[in-house]
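For reference, the chains in residue letters:
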Amino acid sequence: MKNKKGHPKINYSKARKAYLRKLKKDKLLVLFCQIALFLLFLGLWQLLADFGVIDPFFFSSPSRIVSTIIDLGKGGNLWIHIWTSLYETIIGFLIATILGVLIAILLWWSEKLRRIMEPYLIILNSLPKIALGPMIIFWVGSGTGATIVMCVLICIVITTISMLNAFISCDNDKILLMKSMHASKLQILFKLILPNALGDFVSVLKINVGMSWVGTIMGEYLSSKAGLGYLINYGSQILKLDIVMASITLLCILAAGMYFLVSPLEKRFKK
Amino acid sequence: MENLLEFKNVKYFYQTKENEINALDGINFSIKEKDFSSIVGPSGCGKTTILSLTAGLLSPSEGEIVLDGKPIQKNDGRIGYMFQRDHLFEWRTIWQNIILGLEIQKKNKDPQKLALAEDLLKKYDLYNFKNKKPRQLSGGMRQRVALIRTLVLEPALLLLDEPFSALDFQTRLTVCDDVYEIIKSEQKTALLVTHDISEALSMSDKIIILSKRPAVVKKCVDISFSGTIPLSKREDKEFGKYFEMIWRELI
Ligand SMILES: Nc1ncnc2c1ncn2[C@@H]1O[C@H](COP(=O)(O)OP(=O)(O)OP(=O)(O)O)[C@@H](O)[C@H]1O
Ligand SMILES: [Mg+2]
């Protein structure tokens, strides 16, 4: 007999069954507590606001956030803001990841180049990229372009450094093994170095999801005409903190969504 | 039988920032075809260096190494190299691991080579694990896969650098037997590095004893036992005598 997943059905021992039952129960309990905590937090927030313990003008409330989102949605602009931020983040994420990996490959390939570039990488890595903000606006003008550049700057250095470390940390004996089989450097790269670094690559992807959102919001704070960062800035300037909170909520949902798109890769590629 | 491998007054210096390390100081020895030879010597004396030179991963500072009448070239490719750890690639299946070398040398479409790979898998009880990942195999099985990975390339000479030292004692004895049997039945020439005298004795036709660094060949001992399987050789009367003699040379 086979179960849904096509594995043959196994007759488990009593102890095993009890263990599996406990495992399942624990998992449900954790999930239940997570949801309960979330609802408790929202409920408490709502109640405190309703009874005037906290000032909803400053702290907003779940119901005000929902109605603000609905209002913004009706106005039609909300979608433009969401789309702008999402677009900037995804493009920035992709450019930074691809370019970062390519640079890391180049630096792995040539030890000389790596040694030459090392101090520059260290400086670039320790520089708070936001400091470049005003310069970026001068160079590429304000708007989507500047935000994407900010996003790329924030992600690319850490991508390069992490991937380069992953490439270099490959076991030297494995390289010798390939060489003893008469492998070319290109073959060593494609058959050993790259697949060996897949696990680290997934980690980098996960970090970059978070970092690229940081880049996008920073970029939009600096100068922009649309996007969730713009909306947050706008809301705080006209003292509509509901708009700020609504944007932050949307941001949470989008960032988490992107994270959950990337994280299944981990199971596949992490050793 | 003819000499397959010959070291002619080979010297090797490692260059480091601080100094020059004289690892090999004029090494001379030769290995006959289909013989199983071992190198023993104090730790750090230059055993791995000898294998690296033979595989063309390093080139001698002085002297010459000749394999089958032709000098060794950079990354020669005529040689199969087995390391201390099996170095199977975890992201590849057993089959993909075994044809790694064929892929590299663009022979993975050659039906003859593929048939050889299949045969070896079947012969050495690994066929059922063909599509498994390395982590699903025991240490001994992994080591056999590593051996087959080198054998499919049909190397003129097999180099083994302490291939059993990462295994526990029990596994070690059986894997040692397995590997020996495979090498003998495929009629391969092999050069084993080990720091275990009994291991060297139970497997070899010839033992090359090295001095401390800078290494020279102290003595070459031809070994002959009545038994054929490594484990049974360990019971031979002569075993103790040989052991003592080599032990004396090493201290
Ligand atoms: N890449 C290197 N650079 C500098 N010195 C090295 C290098 N590799 C090895 N050596 C030195 O050369 C000597 C011989 O090294 P080798 O690895 O050949 O010894 P070994 O006999 O295999 O040692 P072990 O028994 O530890 O495996 C050692 O003293 C070692 O410190
Ligand atoms: Mg060694």
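These numbers come from a predicted model, not from an experiment.

Counting residues in each nonpolar core, the largest one holds 96 residues, and the members touching the most others are Leu5, Ile27 and Phe29 of chain B. Among the elements that make up this core, the one with the highest residue count is helix α7 (residues 144–168) of chain A (nine residues). Not counting the four nearest positions on each side in its chain, leucine 5 of chain B is found in contact with Phe29, Ser30, Ile31, Thr54, Ile65, Val66, Leu67, Leu157 and Leu191 of chain B. Listed in part, the 15 residues of the second largest apolar core include Leu205, Leu250, Leu251 and Val262 of chain A.

A word on the site of ligand 1. Residues and elements named next belong to chain B. Taken together, Tyr14, Thr16, Ile21, Ser43, Gly44, Cys45, Gly46, Lys47, Thr48, Thr49, Glu162 and Arg213 make up all the residues around ligand 1. With respect to ligand 1, the backbone of glycine 44 contributes an N or O atom lying 2.9 Å from an oxygen atom. In this structure, an oxygen atom belonging to ligand 1 sits 3.2 Å away from a main-chain N or O atom of cysteine 45. Protein contacts shield 63% of the accessible area of ligand 1, which totals 630 Å² for the unbound molecule. Tallying contributions element by element places helix α1 (residues 47–54) first for the shell around ligand 1, with three residues.

Moving on, we get to the domain arrangement of chain A. For chain A, the domain assignment lists domain 1 (1–54) and domain 2 (68–269). In this structure, domain 1 of chain A and domain 2 of chain A have C-alpha centres spaced 33 Å apart.

Turning next to the sheet that holds strand β10 (residues 217–222) of chain B. Residues and elements named next belong to chain B. Pairing is mixed across the open sheet formed by six strands, whose spatial order is β6-β7-β8-β3-β9-β10. Each end of this open sheet is capped by a strand with a single partner; those strands are β6 (79–82) and β10. When the angles between neighbouring strand axes are averaged without regard to direction, this sheet yields 15 degrees. For strand β7 (residues 157–161) and strand β8 (residues 190–193), the ladder comprises four bridges, and the chain directions are parallel.

The next subject is the sheet that holds strand β4 (residues 62–67) of chain B. In any sheet, the strands associate via hydrogen bonds between backbone groups, in a parallel or an antiparallel arrangement. All names here are of chain B. In space, the four strands of this open sheet follow the order β2-β1-β4-β5, with antiparallel pairing throughout. Every interior strand has two partners, whereas the edge strands, β2 (20–32) and β5 (70–71), have only one. Relative to β5, β4 runs antiparallel, the two being bridged by two bridges. Opposite leucine 67, over in β5, you have lysine 70 as the bridge partner. Relative to strand β1 (residues 3–15), α1 is tilted by about 115 degrees, and along the sheet it contacts β1, β2 and β4.

This part takes up the pairing of β6 of chain B. Residue and element names in this part refer to chain B. The alternating pattern of β6 places Ile79 and Tyr81 and Gly80 and Met82 on opposite faces, both of which are buried. By the bridge criterion, four bridges tie β6 to β7 in an arrangement that is parallel. The partner of tyrosine 81 across the bridge, within β7, is leucine 159.

With that settled, consider the confidence of the model for chain A. Within chain A, residue pLDDT values average 91, and 96% of them lie at 70 or more. Confidence, read as mean pLDDT per element, is least for helix α13 (residues 264–269) of chain A in chain A (80) and greatest for helix α9 (residues 185–196) of chain A (96).

We now examine the interface of chain B and chain A. Residue-level contacts link 22 residues of chain B with 16 residues of chain A. A combined buried area of about 1900 Å² lies between chain B and chain A, and 66% of that area is made up of carbon and sulfur atoms. Counting across the chain B and chain A interface gives two salt bridges. A salt bridge links arginine 85 of chain B to aspartate 171 of chain A; its shortest N-O distance comes to 2.7 Å. Where chain B meets chain A, there are five residue pairs in polar contact (both at pLDDT 80 or more). With four residues, helix α3 (residues 100–104) of chain B is the largest single contributor of residues to the side of chain B that touches chain A.

Moving on, we come to helix α6 (residues 169–185) of chain B. Residues and elements named next belong to chain B. Between its terminal C-alpha atoms α6 stretches 24 Å, which fits the 24 Å expected from 17 residues at 1.5 Å a residue. When α6 is considered as a whole, its buried residues turn out to be Arg172, Leu173, Val175, Cys176, Asp177, Val179, Tyr180, Ile182 and Ile183. As for α6, its buried residues are in contact with β3 (36–40), α5 (139–151), β7, β8, α7 (197–203) and α8 (230–233). Positioned one or two residues after α6, glutamine 187 has a phi angle of 55 degrees, which is positive.

A word on the pattern of salt bridges. Using the criterion set out here, one finds 22 salt bridges over all chains in the structure. Residue aspartate 242 of chain A pairs with arginine 64 of chain A through a salt bridge whose shortest N-O separation is 2.9 Å. Residue aspartate 242 of chain A is found in helix α12 (residues 241–262), and its partner arginine 64 of chain A is found in helix α3 (residues 62–75); the two are separated by 178 residues along the sequence. Of the charged contacts in the structure, one is a salt bridge between arginine 142 of chain B and glutamate 90 of chain B, with a shortest N-O distance of 3.0 Å. With arginine 142 of chain B in helix α5 and glutamate 90 of chain B in the loop between β6 and α2 (94–98), this residue pair connects regions lying 52 residues apart in the sequence. This pair shows no difference in class: arginine 142 of chain B is buried, exactly as glutamate 90 of chain B is. Salt bridges linked by common partners bring Lys191 of chain A together with Arg92 and Glu103 of chain B together as one network.

How two aromatic rings sit relative to each other is set out by the distance from centre to centre and by the angle between their planes. Overall, the coordinates contain twelve aromatic pairs over all chains when judged by the stated rule. Aromatic side chains tyrosine 12 of chain B and tyrosine 14 of chain B sit 4.9 Å apart centroid to centroid with 80 degrees between the ring planes, which places their arrangement in the edge-to-face category. Directly above the ring of tryptophan 108 of chain A sits lysine 185 of chain A, whose terminal nitrogen or CZ lies 5.5 Å from the centroid. The ring of tyrosine 127 of chain B has lysine 122 of chain B lying over it, and the distance from NZ or CZ to the ring centre is 4.9 Å.

Another point: the side chain of serine 198 of chain B. Residue and element names in this part refer to chain B. Here serine 198 lies in helix α7. Look at serine 198 and you get buried, because its relative accessible area is 16%. With sequence-adjacent residues up to four places away left out, serine 198 is seen in contact with Arg234, Phe239 and Phe243.

The next thing to look at is the packing of α7 of chain A against helix α10 (residues 198–222) of chain A. When two helices pack together, their arrangement is captured by the angle between the axes and the distance separating the axes. Residues and elements named next belong to chain A. Following both chains from N to C, one finds α7 and α10 inclined at 160 degrees, their axes separated by 7 Å at the closest point. In this view, α7 runs roughly antiparallel relative to α10, as classed from their interaxial angle. Note on packing geometry: the crossing formed by α7 with α10 is right-handed. When the residues that make up the contact of α7 with α10 are grouped by side-chain class, the tally is 13 nonpolar, eight polar and two charged.

Procedures and definitions
Each chain carries its own residue numbering, running from 1 in the direction its sequence is written. To label them, take the chains in the order written and letter them from A, then take the ligands in the order written and number them from 1. Predicted model: local features are reported for residues with pLDDT of at least 70 only, side-chain atom pairs are reported and counted for 80 or more only, and whole-chain, interface and lining totals are derived from all residues. Only hydrogens and water are set aside when side-chain values are computed; all heavy atoms of the structure are taken into account. Nonpolar core, defined: a set of buried Ala, Val, Leu, Ile, Met, Phe, Trp, Tyr and Cys residues in which side-chain atoms within 4.5 Å join the residues together. Exposed residues in this analysis have more than 50% of their type's maximum accessible area, buried residues have under 20%, and partly exposed residues fall in between, with area computed by a 1.4 Å probe over protein chains only. Numbering goes from the N terminus for both helices and strands, where a helix is a DSSP run of H or I of at least four residues and a strand is a run of E of at least two. Contact definition: two residues touch when any of their heavy atoms are within 4.5 Å. Here, proximity means that at least one heavy atom of the residue falls within 4 Å of the molecule or strand. Any pair of N or O atoms that falls within 3.5 Å is considered a polar contact. Within protein, one atom must be able to donate a hydrogen and the other to accept it, and sequence-neighbouring residues count only if both atoms are side-chain atoms. Computed with a 1.4 Å probe, the accessible areas rest on the Shrake-Rupley method; for each residue, only the protein chains presented here act as cover. Residue ranges for the domains originate in an automatic or database domain assignment. Strands qualify as paired when DSSP identifies two bridges or more between them. What counts as an axis is a line fitted to C-alpha atoms, over the stretch in contact for a helix, and the angles between N-to-C directions run from 0 to 180 degrees. Per-residue confidence from the predictor is reported as pLDDT, a score between 0 and 100. In this description, buried area is defined as the sum, over both parts, of the accessible area (probe of 1.4 Å) that is lost when the two are combined. For this document, the term salt bridge refers to a Lys or Arg side-chain nitrogen within 4 Å of an Asp or Glu carboxyl oxygen. Take the number of residues in a helix, subtract one, and multiply by 1.5 Å to get its expected span. Pairing of aromatic side chains here covers Phe, Tyr and the six-membered ring of Trp, requires ring centres within 6.5 Å, and sorts the geometry by plane angle: under 30 degrees stacked, over 60 edge-to-face, intermediate tilted. Counted as over-ring charges are cases with an Arg CZ or a Lys NZ within 6 Å of the ring centre that also lie within 35 degrees of the ring normal. If an angle is under 35 degrees, it is roughly parallel; if it is over 145, roughly antiparallel; if it lies from 65 to 115, roughly perpendicular; otherwise it is oblique. In a left-handed crossing the near helix is turned counterclockwise from the far helix by less than a right angle, and in a right-handed crossing that turn is clockwise. Any residue outside Ala, Val, Leu, Ile, Met, Phe, Trp, Tyr, Cys, Pro, Asp, Glu, Lys and Arg is labelled polar, Gly included; the first ten of those are nonpolar and the last four are charged.

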